Amino acid sequence: MIFFTVDVVAWALRPPFRVELVIAQMASIGVGSAFIVGATGLAAGMVFALQMNFALKQFAAQGYVGGSVAFSLSRELAPIFTALMVTGRAGSAIATELGTMRVTEQIDAMESMAVNPIQYLVVPRVVASILMFPVLTMLFNTIGYAGGYVMGVFVAGIPVGPFIEHTRELLFPSDIMHGLYKAVVFGAIVAIITTWRGYSAFGGAKGVGEGTTRAVVSSSVAVLVADYVITFISVGT
């Protein structure tokens, strides 16, 4: 996989640059995953707001629910949940598509026509993932905070003033950027692992299924490990 990653980076820097393929993959990975990411963000924001309200009510600090929700979403929940949702939805599709092309010898046919399959098939998907993961993370942040606002203000009865003001006190642009940095790394990790698993699939339909399963599991575990490493580097030292 390391050699595969080096090839992807090398071919990404060489012409021709197929922008139309990147845009098509951005639509598939980003726009196609918007609904599941938005639904997950709404549920996460609503549930987290209710849980924080229950916990902070014991200290008469319900006004901090808004800031707690925004802070947690921007630094941890949004990039992690976005990566896992997109892995399950788009990552599995990438691995399956490339795996099917491999076992049906379509990739071999491309090589026989002097078309590099890594540049044509893999690079657009990797670039699109790196570009769209931060966008989806911001979508998660926005919808998640909106869900927390609805639960906090209209269900828990928290005044709007303290809810918004404590959000301004607790959330800084650096917190949002921290989550976006994570999203870029997660996008690269998910794209590399899923394309590699599909590209190296073998053994017919069974091999494609096993490759897709391994792609999703490996990507999910790698995202969680990377999240810990990035968090430890940024706040643990």
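Below, the structure is looked at part by part. If you're wondering where the values come from, they're calculated on a predicted model, not measured in any experiment. (Residues numbered from 1 in each chain as written. Predicted model: local features only at pLDDT ≥ 70, side-chain atom pairs only at ≥ 80, totals over all residues. Heavy atoms only, no water.)

**Notes on the packing of helix H8 (residues 173–199) against helix H9 (residues 204–235)**
Where H8 meets H9, the axes come as close as 9 Å, and the angle between the chain directions of the two elements is 155 degrees. On the basis of the axis angle, H8 is roughly antiparallel to H9. You can see that H8 and H9 cross each other, and the crossing is right-handed. Side by side, H8 and H9 meet where His178, Lys182, Val185, Phe186, Ile189, Val190, Ile193, Thr194 and Arg197 of the first sit next to Gly211, Arg214, Ala215, Ser218, Ser219, Ala222, Val223, Ala226, Asp227, Ile230, Thr231 and Ser234 of the second. (Axes fitted to C-alpha atoms, helices over the stretch in contact; angles between N-to-C directions. Helix = DSSP H or I, 4+ residues; strand = E, 2+ residues; numbered from the N terminus. Parallel < 35°, antiparallel > 145°, perpendicular 65-115°, else oblique. Left-handed = near helix turned anticlockwise from the far one by under 90°. Contact = heavy atoms within 4.5 Å.)

**Some words on the nonpolar core**
Here is a general trend for soluble globular proteins: nonpolar side chains tend to be buried in one another's company. Counting 46 residues, the largest nonpolar core has Val8, Val65, Val86, Ile118, Val122, Phe133 and Phe186 as the members making the most contacts within it. Elements supplying a minimum of two residues to this core: helix H1 (2–12), helix H3 (34–57), helix H4 (65–103), helix H5 (106–112), helix H6 (117–155), H8 and H9. Setting aside chain neighbours within four positions, we find Ile118 in contact with Phe4, Asp7, Val8, Trp11, Val123 and Tyr199. (Core = buried A, V, L, I, M, F, W, Y, C linked by side-chain atoms within 4.5 Å. Buried < 20%, exposed > 50% of the residue type's maximum accessible area, 1.4 Å probe, protein only.)

**Considering a nonpolar patch on the surface**
The grouping of Val217, Val221, Val225, Tyr228, Val229, Phe232 and Ile233 at the surface amounts to a nonpolar patch, some 670 Å² of accessible area in total. Its location among the elements puts Val217 in helix H9. (Patch = residues over 30% accessible without salt bridge, like charges linked within 9 Å, V, L, I, M, F, W, Y side chains within 5 Å. Areas by Shrake-Rupley, 256 points an atom, 1.4 Å probe, with all protein chains shown as cover. Salt bridge = Lys/Arg side-chain N within 4 Å of Asp/Glu carboxyl O.)

**As for the pattern of salt bridges**
Enumeration over the complete set of coordinates arrives at six salt bridges. Across the pair Asp175 and Arg75 runs a salt bridge whose closest N-O atoms are separated by 2.8 Å. Of this pair, Asp175 sits in helix H8 while Arg75 sits in helix H4; the two residues are 100 residues apart in sequence, bridging distant segments of the chain. Here the two residues Asp175 and Arg75 agree in accessibility, since each one is buried. Ionic pairing is found between Asp108 and Arg102, a salt bridge with its closest N-O pair at 3.2 Å. Taking the relative accessible area as the measure of exposure, Asp108 reaches 35% and is therefore partly exposed. Ionic contacts of the salt-bridge type, sharing partners, join the residues Glu76, Lys182 and Asp227 into one network.

**Some remarks on the side chain of Ser74**
Looking at where Ser74 falls in the secondary structure, it is placed in helix H4. A polar atom in the side chain of Ser74 sits 3.0 Å from the backbone oxygen of Ala70. Filtering out sequence-adjacent residues up to four positions away, Ser74 remains in contact with Pro79, Asn141, Leu171, Asp175, Ile176 and Gly179. (Polar contact = N/O pair within 3.5 Å; in protein donor to acceptor, adjacent residues only side chain to side chain.)

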